[in-house]
Amino acid sequence: MTGPEAHWRAALAEGRLLLQRAPDGSVVFPPRLAAPGSSEALEWFEASGRGSVYTLSWISRKPPAEPYHVALIDLDEGARLMSRVEDVTPETLRIGMKVEAFVEQGGEAPLLLFRPVED
Amino acid sequence: MADTFPRGRTAIAGLATFGIGEMPGWTSMELTAQAALLAVADAGLTLPDVDALFICQPDDFFAGMSFAEHLGLQPRYTDNNRTGGSAFMSHMAVAAMLLDAGYIDCALIAYGSNQRSNGGKLATKITSNQWDAPYAPLFPLTSYALATARHMHEYGTTREDLAAVALAARAWANTNPDAFARGPLTLEDCLSARMISTPISVRDCCLVTDGAAAIVMTRTDRARDLPKPPVPVLGAAAATWWNSIAQAKDVTVTAARESSARAMAMAGVSPSDIRTAQLYDAFTINTILFLEDLGFCPKGEGGRFVSSGAIAPGGTLPVNTNGGGLSYCHPGMYGLFAIVEAARQIRGEAANQIDAVDVALAHGNGGTLSSQATVILGSVATL
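Residues numbered from 1 in each chain as written. Chains lettered and ligands numbered in written order. Predicted model: local features only at pLDDT ≥ 70, side-chain atom pairs only at ≥ 80, totals over all residues. Heavy atoms only, no water.

J.: Which parts of the structure should I look at to understand the overall build of chain B?
T.: Of the regular secondary structure elements, chain B holds 12 helices and 11 strands. Over its C-alpha atoms chain B spans a radius of gyration of 19 Å, differing by no more than 12% from the 21 Å that the globule rule assigns to 383 residues. Residues counted as buried form 63% of the 383 residues belonging to chain B. In chain B, of all internal contacts separated by at least 6 residues, the share reaching a separation of at least 24 is 76%. With an accessible surface of roughly 13,100 Å², chain B has 54% of that area assigned to carbon and sulfur atoms. Here chain B contributes 25 positively and 34 negatively charged side chains, and the mean placements of these two sets differ by 1 Å. (Helix = DSSP H or I, 4+ residues; strand = E, 2+ residues; numbered from the N terminus. Rg over C-alpha atoms; globule rule 2.2 N^0.38 Å. Buried < 20%, exposed > 50% of the residue type's maximum accessible area, 1.4 Å probe, protein only. Contact = heavy atoms within 4.5 Å. Areas by Shrake-Rupley, 256 points an atom, 1.4 Å probe, with all protein chains shown as cover. Lys, Arg positive; Asp, Glu negative; His and termini not counted. Charge placed at Lys NZ, Arg CZ, Asp CG, Glu CD.)

Listed below in structure tokens is the structure:
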């Protein structure tokens with residue numbers, strides 16, 4: 001048996017996005033041992049991966065490198081996390097944009113990313 | 001349960017700043033120690049009078065022990081907390097309790113950094129957590145940018161509003177001989193400044209300077225017998241709501257809302273009683289968020305409040321009257337400098353002295369809008 005973070009990362013390596021749910025129905029991320037603010041047990045469930053952009057920032061790099069961005073994503077189930085939306089530009093990425101999760105497996109570690117979806 | 005606080009029973013008896021700007025050839029600890037010695041002398045005390053040390057250095061996780069060793073003291077209590085730039089307001093809360101309880105008799109709170117002369121290397125000591133780091137936000141800057149972008153989206157705050165904060169800070173700095181960044185700064189300079197992490201440009205960011213500050217606290221009855229006017233501590237409260245900005249329920253609202261409400265309740269004051277506010281302005285958005293969260297204007301109105309000229313010289317609420325972290329100094333953590341400026345305003349010793357300051361507020365920010373702490377200082381007339 002591993003700790004909650006290792007459990008979450010193992011699922012991510014299989015391409016699955018797990019979240020935890022507290023007894024009151026609130027959804028928890030990052031993974032942890034007990035419901036925030038209480039000692040109540042959490043249950044794992046597989047997230048839909050759907051969400052929307054809560055806020056974003058484009059980070060400048062020395063030209064000719066293009067700027068990159070980070071965004072805070074509100075998952076439909078209620079949790080929020082930092083990530084990046086692929087296939088967007090400073091002109092197209094906006095607060096409120098609907099996105100869905102995917103896992104990029106090519107790098108050093110599996111990486112949770114998002115891509116735009118139709119409203 | 002309401003807070004219990006020894007309102008006015010402890011006071012700042014001595015204060016000092018040292019090495020504001022550039023101090024090549026000085027270590028962070030040397031700068032800190034020099035400010036500390038000056039503050040002890042300012043209080044009319046001697047070093048052996050100090051029996052408690054409070055410190056939070058950027059480059060030394062064991063700074064409490066290093067500071068005791070450097071000064072040659074064996075303190076009864078040493079505090080070396082890690083809440084970032086708000087640490088010093090938290091130190092004041094603890095020191096007030098320990099002094100009032102008779103556990104200690106004289107607290108020395110100090111900070112110093114040679115961050116500028118040392119090439120800004122200290123800025124890399126702290127990084128994003130493992131959940132944020134893979135996406136490479138600039139730490140801590142991008143966290144503030146994410147809050148700024150959302151504030152703009154929800155409330156219509158503009159880059160002109162952000163610039164108003166920087167321009168007010170510069171206006172105060174221009175009449176403070178100690179301020180590091182002085183000289184003309186225009187709205188156009190701010191709007192055309194190089195973007196770092198949208199919507200934050202270089203002109204929205206605090207300085208990188210050297211500098212040190214220190215205060216000496218003791219019980220007010222003792223401070224009355226010392227040479228300088230005591231600056232009683234009317235309230236001090238800290239609040240922690242998250243660490244990573246990704247975990248904020250609402251990135252436009254900070255725990256300053258809680259820390260200020262509690263500190264003001266202890267002090268028995270409301271925002272309208274506060275003559276001047278010294279706010280930890282690591283970025284221009286900080287001032288806007290804190291003005292809202294401290295209750296000086298409604299949530300969402302901070303941008304319009306600063307653009308009205310309210311916080312600049314001649315405005316209704318003088319803010320960061322030394323020039324703040326944006327134009328006075330920012331050696332990594334600004335918290336103690338805000339406290340010193342608030343105390344100087346009470347004493348009547350500020351470079352940009354405001355008339356009739358009986359109540360002043362100093363607000364500290366640590367982490368990425370993560371740790372908030374507020375102190376309310378008064379004159380003896382408020383006791």
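Having seen it, we continue.
J.: Explanation requested: the overall build of chain A in the structure shown.
T.: Counting its regular elements, chain A contains one helix and eight strands. Beginning at the N terminus, the succession of helices and strands in chain A can be written as α-β-β-β-β-β-β-β-β. The buried share of chain A, taken over its 119 residues, is 45%. Within chain A, counting contacts between residues at least 6 apart in sequence, those at least 24 apart form 50% of the total. Side-chain charges in chain A split into 12 positive and 18 negative, and the spacing between the mean points of these groups amounts to 4 Å.

J.: I tried to follow the interface of chain A and chain B on my own but got confused; where do I start?
T.: A common way to express how large an interface is: the accessible area buried when the components associate. If you look at the interface, chain A gives 26 residues, while chain B gives 26 residues. For the pairing of chain A and chain B, the buried interface totals around 2,200 Å² over both sides, and the portion due to carbon and sulfur atoms is 59%. Considering only the side of chain A, the residues that lose the most area to chain B are Tyr54(A), Met82(A) and Ile95(A), jointly responsible for 27% of the buried surface there. Here chain A is connected to chain B by zero salt bridges. With six residues, strand E4 (residues 50–59) of chain A is the single largest residue contributor to the side of chain A that touches chain B. Across the side of chain A that touches chain B, the residue classes tally to 17 nonpolar, four polar and five charged. (Buried area = accessible area lost by both parts, 1.4 Å probe. Salt bridge = Lys/Arg side-chain N within 4 Å of Asp/Glu carboxyl O. Nonpolar A, V, L, I, M, F, W, Y, C, P; charged D, E, K, R; others polar.)

J.: Explanation requested: the packing of aromatic side chains in the structure shown.
T.: When we look at a pair of aromatic rings, we describe it by the centre distance and by the angle of the planes. Across all of its chains, the model carries 12 aromatic pairs over all chains by this definition. With a centroid separation of 5.2 Å and an interplanar angle of 80 degrees, the aromatic rings of Trp8(A) and Trp131(B) are classed as edge-to-face. One end of the pair, Trp8(A), is in helix H1 (residues 4–13); the other, Trp131(B), is in the loop between strand E4 (107–113) and helix H4 (141–155), on a second chain. Accessibility assignment for this pair places Trp8(A) and Trp131(B) in one class, buried. (Phe/Tyr/Trp six-rings, centres within 6.5 Å; stacked < 30°, edge-to-face > 60°.)

J.: So what exactly am I meant to see when it comes to the nonpolar core here?
T.: Generally speaking, nonpolar side chains in soluble globular proteins are found buried as a group. All names here are of chain B. In terms of nonpolar packing, the biggest core is built from 139 residues, with Ile12, Met92, Ile215, Met217, Leu291, Ile339 and Ile376 touching the most fellow members. Tallying contributions element by element places helix H3 (residues 87–100) first for this core, with nine residues. Isoleucine 12 has contacts with Met92, Ile215, Val216, Met217, Pro229, Pro230, Val231, Ile339, Ala343 and Leu377, leaving out every residue within four places of it along the chain. In terms of nonpolar packing, the next biggest core, distinct from the first, is built from 31 residues, Ala43, Ile55, Ala63 and Phe67 among them. (Core = buried A, V, L, I, M, F, W, Y, C linked by side-chain atoms within 4.5 Å.)

J.: Which parts of the structure should I look at to understand the side chain of Gln20(A)?
T.: All names here are of chain A. Structurally, glutamine 20 can be placed in strand E1 (residues 18–21). Within the structure, the side chain of glutamine 20 is placed 2.8 Å from the backbone oxygen of arginine 32, a separation counted as a polar contact. Glutamine 20 has contacts with Pro4, Ser26, Val27, Val28, Pro30, Pro31, Arg32, Leu42, Glu43, Trp44 and Phe45, leaving out every residue within four places of it along the chain. (Polar contact = N/O pair within 3.5 Å; in protein donor to acceptor, adjacent residues only side chain to side chain.)

J.: Would you mind going over the sheet that holds strand E2 (residues 52–55) of chain B with me for this structure?
T.: Strand pairing in a sheet relies on backbone hydrogen bonds, with the paired strands running either antiparallel or parallel. Residue and element names in this part refer to chain B. The nine strands are arranged E3-E2-E4-E7-E1-E8-E11-E10-E9 in an open sheet whose pairing can be described as mixed. Where the open sheet ends on each side, the last strands, each with one partner, are strand E3 (77–79) and strand E9 (276–279). For this sheet, the mean angle separating the axes of adjacent strands, direction not counted, is 20 degrees. Sheet topology note: the strand E1 (residues 10–21)/strand E7 (residues 210–219) ladder contains nine bridges and is antiparallel. Its bridge partner lying in E7, isoleucine 12 is registered against methionine 217. Docked against the sheet, helix H1 (residues 28–42) engages E1, E2, E4 and E7, running at close to 140 degrees with respect to E1. Against the sheet, helix H12 (residues 335–347) makes contact with E1, E4, E7, strand E8 (231–240), E9, strand E10 (359–366) and strand E11 (371–378), and its axis sits at roughly 120 degrees relative to E1, the strand it touches most. (Pairing = 2+ DSSP bridges. Axes fitted to C-alpha atoms, helices over the stretch in contact; angles between N-to-C directions.)

J.: What's the story with the packing of H4(B) against helix H9 (residues 284–293) of chain B in this structure? I'm lost.
T.: When two helices pack together, their arrangement is captured by the angle between the axes and the distance separating the axes. Residues and elements named next belong to chain B. Close contact between H4 and H9 brings their axes to 10 Å; oriented N to C, the two are set at 60 degrees. The angle between H4 and H9 falls in the class oblique. Judged by the sense of rotation from one axis to the other, the crossing of H4 with H9 is left-handed. On H9, the residues that touch Tyr144, Thr148 and His151 of H4 are Ile285, Asn286, Ile288, Leu289 and Glu292. Across the contact of H4 with H9, the residue classes break down as four nonpolar, three polar and one charged. (Parallel < 35°, antiparallel > 145°, perpendicular 65-115°, else oblique. Left-handed = near helix turned anticlockwise from the far one by under 90°.)

J.: Explain the environment of Cys206(B) here, please?
T.: Residue and element names in this part refer to chain B. By the element assignment, cysteine 206 lies in the loop between strand E6 (200–201) and E7. Along the sequence, cysteine 206 and phenylalanine 283 sit 77 residues apart, while their C-alpha atoms lie 5.8 Å from each other. For cysteine 206, the residues in contact, after removing those within four places along its chain, are Asp281, Ala282, Gly325, Leu326 and His330.

J.: Before we go on, may I ask you to explain helix H5 (residues 159–173) of chain B in this structure?
T.: Residue and element names in this part refer to chain B. The first and last C-alpha atoms of H5 sit 21 Å apart over 15 residues, in line with the 21 Å expected at 1.5 Å per residue. Counted residue by residue, H5 has 11 buried out of 15 residues, so it is predominantly covered. Within the sequence span of H5, burial applies to Asp161, Leu162, Ala163, Ala164, Val165, Ala166, Ala168, Ala169, Arg170, Trp172 and Ala173. Looking at the packing, one finds that the buried side of H5 touches H4, helix H6 (187–191), H9, helix H10 (302–307) and helix H11 (324–328). (Expected span 1.5 Å × (residues − 1).)

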